[in-house]
Amino acid sequence: HPLLCFQRNFKALDTDVLLASVPKSGTTWLKALLFSIVNRVRFSVDQSPLLATNPHRLVFSLECFYYAKHDNPDLGNVAQPRLFSTHLPHQALPSSLIESNCKILYVCRNPLDQFVSERQFLLKNRLWPDKPYGEVLSFDEAFDMFCDGVQAFGPFWDHLLGYWNASLENPDRVLFLKYEDMKRDPLLKVKKIAEFIGLPFTEEEEKAGLVGDISRLCSFKKLKDLEINKNGVHYGSVKNNSLFRKGDIGDWQNYLTPAMAEQMKTILEAKLSGSSLIL
Ligand code: A3P
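Here we summarise the structure given alongside this text. Per-chain numbering applies: the sequence of each chain, read as written, is numbered from 1 onward. With the structure being a predicted model, the display of local features is reserved for residues of pLDDT at least 70 and the display and counting of side-chain atom pairs for 80 or more, all residues being used for whole-chain, interface and lining totals. Side-chain figures throughout are based on the complete set of non-hydrogen atoms in the structure, without hydrogens or water.

Okay, the overall build of the protein next. Here a strand is any run of E in DSSP of at least two residues, a helix any run of H or I of at least four, and the numbering for each starts at the N terminus. Looking only at helices and strands, the protein features 14 helices and 7 strands. Radius of gyration means the value over C-alpha atoms here, while the globule rule gives 2.2 Å times the residue count to the 0.38 power. For 279 residues, the compact-globule estimate of 2.2 N^0.38 gives 19 Å, and the protein sits close to it at 18 Å. The principal-axis extent of the C-alpha atoms belonging to the protein is close to 50 × 40 × 40 Å. Only heavy atoms enter the contact rule, under which two residues are in contact if any of them lie within 4.5 Å. In the protein, once contacts between residues fewer than 6 apart in sequence are set aside, the share between residues at least 24 apart is 75%. Total accessible area on the protein stands at roughly 13700 Å², and carbon and sulfur atoms take up 52% of it. Only four residue types enter the tally: Lys and Arg on the positive side, Asp and Glu on the negative side, with His and both chain ends excluded. By convention, the point assigned to a charge is CZ for Arg, NZ for Lys, CD for Glu and CG for Asp. Each charge sign in the protein was given a centre, from 33 positive and 33 negative side chains, and these centres are 5 Å apart. Here the Shrake-Rupley method, with its probe set to 1.4 Å, supplies the accessible areas, and only the displayed protein chains count as covering residues.

If you want it as structure tokens, here you go:
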């Protein structure tokens, strides 16, 4: 299984940068930003490979790409610093990664928005691995499972807390980001990410407006409207356009009842109590 092969066989380098997330929390956005920040000297913004390539083909997933294709892929040729992504919880990361000095960026999102985003994504791509013959879970059924922690890559609260605690213990190694904060002030976060991975923007770059240029290049609207993201697929059959739906904060209000939101509030209070994480 790709997850087990990744756990067993991956050898981290201290220079690696790993992007971790629960699916539908802003992975695509962070991939675009990370790639642009790291490669800003190689490619100017108007020559960026992002203009013609989906972000998932610039920063590849360890378990959905490399280890899905091969038990022990040769990652020696990946350009350094190697940029990877994973949806694995921190608790399940390979020991080689934990023991290395590589950097981990984590992005989380309001769980209700994440749930709605995932539901729409699965419907659009007809991905219901547990339900054969195209049978689709009802909305209520899916929400109940979500509240019970039945979710790809484990209950979201364990996922969040794993990386949250790691970021508190090791702030130089794990940067915990929230989708909502990134939407509110993308420039601040772009600078923060660059500093965190050891590639801070120089004064000249800032004066030249590069932080804003990268932020605009990777914005929802810009990426969504690119030809490459309107068409095409990645990782086999995932439609590129299914990655760019609305990009809003609070879209859950259009799908979930106040009672469902209340149920989630109670779950969050219980699961996050005792931690300093506030969503
Ligand atoms: P919505 O379905 O709420 O629109 P992931 O990349 O982890 O799969 O997450 C997908 C979600 O991020 C989708 O949310 C998508 O629209 C949003 N998204 C994709 N690119 C984005 C960008 N550049 N800026 C902000 N949100 C983006």
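The structure having been displayed, the exposition proceeds.
Once that is clear, we can look at empty space enclosed by the protein. Both site types are read off a 1 Å grid over the protein atoms alone. A 1.4 Å probe that fits but cannot get out defines a cavity, while an open set with protein on both sides within 12 Å along at least five of seven lines defines a pocket; lining residues have an atom within 4 Å of a point. Grid points are joined across faces, edges and corners, and a volume is the space filled by probe spheres set on the points. Scanning the model with the defined rule gives 1 cavity of 30 Å³ or more in all. One number sums up the size of the largest cavity: a volume of about 50 Å³. Put simply, the parts of the chain that give the lining of the largest cavity at least two residues each are β4 (103-108), α5 (111-125) and α7 (156-169). Nonpolar residues are Ala, Val, Leu, Ile, Met, Phe, Trp, Tyr, Cys and Pro. Charged residues are Asp, Glu, Lys and Arg, and all others, Gly as well, are polar. Of the residues in the lining of the largest cavity, the class split is 6 nonpolar, 2 polar and 1 charged.

When at least one non-hydrogen atom of a residue lies within 4 Å of a molecule or strand, that residue is treated as near it. With respect to spatial proximity, 18 residues lie near the ligand, and among them Lys 24, Thr 27, Thr 28, Ser 117 and Lys 246 are the closest. In this structure, a nitrogen atom belonging to the ligand sits 2.8 Å away from a main-chain N or O atom of Cys 218. For the ligand, the protein covers 98% of the area, taking 560 Å² as the surface of the free molecule. For the shell around the ligand, the leading source of residues is helix α2 (residues 27-38), giving 3 residues. Any pair of nitrogen or oxygen atoms within 3.5 Å is treated as a polar contact; in protein, a donor-acceptor pairing is required on top of that, and neighbouring residues in sequence qualify only through side-chain atoms on both sides.

Before going further, it helps to examine the packing of helix α9 (residues 186-196) against helix α11 (residues 210-217). To obtain each axis, a line is fitted to C-alpha atoms, and for helices this fit is confined to the stretch in contact; angles are then taken between N-to-C directions over 0 to 180 degrees. Across the interface, α9 lies against α11 with an axial gap of 9 Å and an inter-helix angle of 105 degrees. With respect to their mutual orientation, α9 and α11 come out roughly perpendicular. Between α9 and α11, the residues in contact are Pro 186, Leu 187, Val 190 and Lys 191 and Val 211, Gly 212, Ile 214 and Ser 215, respectively. Each residue belonging to the contact of α9 with α11 can be placed in one class, and the counts come to 5 nonpolar, 2 polar and 1 charged. Note on angle classes: values under 35 degrees are labelled roughly parallel, values over 145 roughly antiparallel, values of 65 to 115 roughly perpendicular, and the remainder oblique.

Here we take up the sheet that holds strand β1 (residues 17-21). Two strands pair under a simple rule: DSSP has to find at least two bridges between them. The strand order β2-β3-β1-β4-β5 describes an open sheet built from 5 strands, whose pairing is parallel. Each end of this open sheet is capped by a strand with a single partner; those strands are β2 (60-61) and β5 (174-178). In this structure, β4 lies alongside β5, joined through 5 bridges in parallel fashion. Each bridged residue has a counterpart across the sheet, and for Val 107 the counterpart in β5 is Leu 177. α7 contacts β1, β3 (83-86), β4 and β5 of the sheet and is inclined by roughly 130 degrees relative to β5.

With that out of the way, let us pick up unusual backbone geometry. For the bond from Gln 80 to Pro 81, the omega torsion is -5 degrees, close enough to zero to count as cis. Inspection of the secondary structure assignment puts Pro 81 in the loop between α3 (62-69) and β3. At Lys 24, a residue that is not glycine, the phi angle is positive and equals roughly 75 degrees. By the element assignment, Lys 24 lies in the loop between β1 and α2. Overall, the relative accessible area of 16% leaves Lys 24 in the buried class. Think of it in three bands: residues with accessible area under 20% of the maximum for their type are buried, residues over 50% are exposed, and the middle band is partly exposed, with areas taken using a 1.4 Å probe on protein chains only.

This part is about the packing of aromatic side chains. When the centres of two rings from Phe, Tyr and Trp lie within 6.5 Å, Trp using its six-membered ring, the rings pair. Their planes under 30 degrees apart give stacked, over 60 give edge-to-face, and anything left gives tilted. A complete count under the given rule lists 19 aromatic pairs for this structure. The structure contains a cluster of three or more aromatic residues connected by ring pairs, namely Phe 6, Phe 10, Phe 60, Phe 65, Tyr 66, Tyr 67 and Phe 84. Here, a charge over a ring is recorded when the distance from Lys NZ or Arg CZ to the ring centre is within 6 Å and its angle to the ring normal is within 35 degrees. We note Lys 103 situated over the ring of Phe 196; from NZ or CZ to the ring centre the distance is 5.1 Å.

The geometry of helix α1 (residues 2-9) relative to α3 is characterised by a closest axis approach of 8 Å and an angle of 85 degrees between their N-to-C directions. On the basis of the axis angle, α1 is roughly perpendicular to α3. Between α1 and α3, the residues in contact are Pro 2, Leu 3, Cys 5, Phe 6 and Asn 9 and Leu 62, Glu 63, Tyr 67 and Ala 68, respectively. Among the residues forming the contact of α1 with α3, the class breakdown is 7 nonpolar, 1 polar and 1 charged.

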